[in-house]
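Each chain, written out:
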Amino acid sequence: MSSQDPVPATLAAPPEMLFGIDIKTICVFFTWTGTFIALGLNLTPIVLFVEVLKKKKDYKAIPNLMLVFNVLCGLFWYCYWSRLDQAVPGYSALSNAIISLIFTYLYLYFATEGKCLFFIVACVIVFDVCAQLWYCFAKWIPDPEITGKTAMIINIIQYAAPGQSIFTVLKTGNYSLIPITTTIVGVMCSSCWLVFGIIMKNPNCIIPNSMGLALSLIQIVIYYYFKCTSKKTTDEKGKLHIN
């Protein structure tokens, strides 16, 4: 066989393996797992909106700024993954953006007290800003890395947001300020996308999710530390009261 002859299929390089499993299979698994977990994570505000509807909580308790960041983050990630021909993470980001946009509209409905004109104007403004940003990055910025870096920065801001509640818990010891269920789900979500980023060797995906994983783990440690400390203090007071 001369050096010019094509390499037969039987002599082609074998697929890259990890622990005896095709790395593409691993990548697909973590992509779909991360997609479903992220979808569940983005649906968690439903509980808060139900409480607002039942008038158990004021609408101001809704993290409106975080909802807007979720919309923008989803749109930028969708643009980025679409440029890289990554359909599953792209549509995952788009679905999360749509869900967050719906929640944003619900927040605007409560904020405008259901007044039709103000509600419509507010919705149009939010939609127009999101659409303009998406069009700008999708059509006029050819380098996907710019879009990826923008999405990464927004993601980092999102993950840094709970920092204020962490400091409050450290000062007051009120561990209930940490939403433990959401935080645990966040660990699972960040872990899946971190593995996906490592496999894809994509720093735009690795950096924010490694930070998100670290911050979520810190919150969990703080939560259970103060919970155990509080329980121990309560038990000691109970013993003193009995004596």
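Our structure is the block above this text.
We now turn to the structure provided with this report. Every chain's residues receive numbers from 1 upward, in the order its sequence appears when written. In view of the model being predicted, local features appear only for residues whose pLDDT reaches at least 70, and side-chain atom pairs are presented and counted only at 80 or more, with totals across whole chains, interfaces and linings using the full set of residues. Only hydrogens and water are removed before side-chain values are computed, so all heavy atoms of the structure are retained for them.

Our next topic: unusual backbone geometry. For D85, which is not glycine, the phi dihedral falls at a positive 60°. A run of DSSP states H or I qualifies as a helix once it reaches four residues; a run of E qualifies as a strand once it reaches two. Both are numbered from the N-terminal end. With respect to the secondary-structure elements, D85 resides in the loop between α3 (64-83) and α4 (87-111).

The term nonpolar core refers to a set of buried residues drawn from Ala, Val, Leu, Ile, Met, Phe, Trp, Tyr and Cys, joined through side-chain atoms within 4.5 Å. Residue exposure (1.4 Å probe, protein chains only): buried if accessible area is under 20% of the type maximum, exposed if over 50%, otherwise partly exposed. Core analysis: the biggest nonpolar cluster contains 18 residues, and W77, W81, W193 and F196 have the highest contact counts within it. Among the elements of the structure, α1 (23-42), α3, α6 (144-160) and α8 (180-200) are those that each provide at least two residues to this core. Per element, the largest residue contribution to this core is seven residues, and it comes from α3. Among the nonpolar cores identified, the runner-up in size contains 12 residues, and L48, F49, L67 and C123 belong to it.

Further remarks concern a nonpolar patch on the surface. Together, V28, W32 and F36 make up an exposed nonpolar region whose accessible area comes to about 330 Å². With respect to the helices and strands, V28 occurs in helix α1. For V28, a relative accessible area of 47% gives the class partly exposed. Note on patches: the residues involved have over 30% relative accessible area and no salt bridge, like charges join within 9 Å, and the nonpolar side chains Val, Leu, Ile, Met, Phe, Trp and Tyr join within 5 Å. All accessibility values rest on the Shrake-Rupley procedure with a 1.4 Å probe; residue burial counts only the protein chains present in the view. Throughout this description, the term salt bridge denotes a Lys or Arg side-chain nitrogen within 4 Å of a carboxyl oxygen of Asp or Glu.

Glancing now at the packing of aromatic side chains. The geometry of an aromatic ring pair comes down to the distance between the two centres and the angle between the two planes. The criterion for an aromatic pair is that two Phe, Tyr or Trp rings (for Trp, the six-membered ring) have centres within 6.5 Å, with stacked assigned to planes under 30 degrees apart, edge-to-face to planes over 60 apart and tilted to the rest. All chains considered together, the criterion is met by 14 aromatic pairs. Seen in terms of ring centroids, W77 and W81 are 5.8 Å apart; in terms of plane orientation they differ by 15°. Their pairing is stacked. Linking W77 with W81, this pair stays in helix α3, spanning four residues, or about one helical turn. Judged by relative accessible area, which is 4%, W81 ranks as buried. Taking the centre distance of 5.5 Å and the plane angle of 90° together, the rings of W193 and F196 count as edge-to-face. Residue W193 and its partner F196 are both found in helix α8; the two are separated by three residues, about one turn of the helix. Relative accessible area serves as the criterion here: at 10%, W193 is assigned to the buried category. Assessed through its relative accessible area of 0%, F196 is described here as buried. Among the aromatic residues, ring-to-ring pairing joins W77, Y80, W81, W193 and F196 into one connected group.

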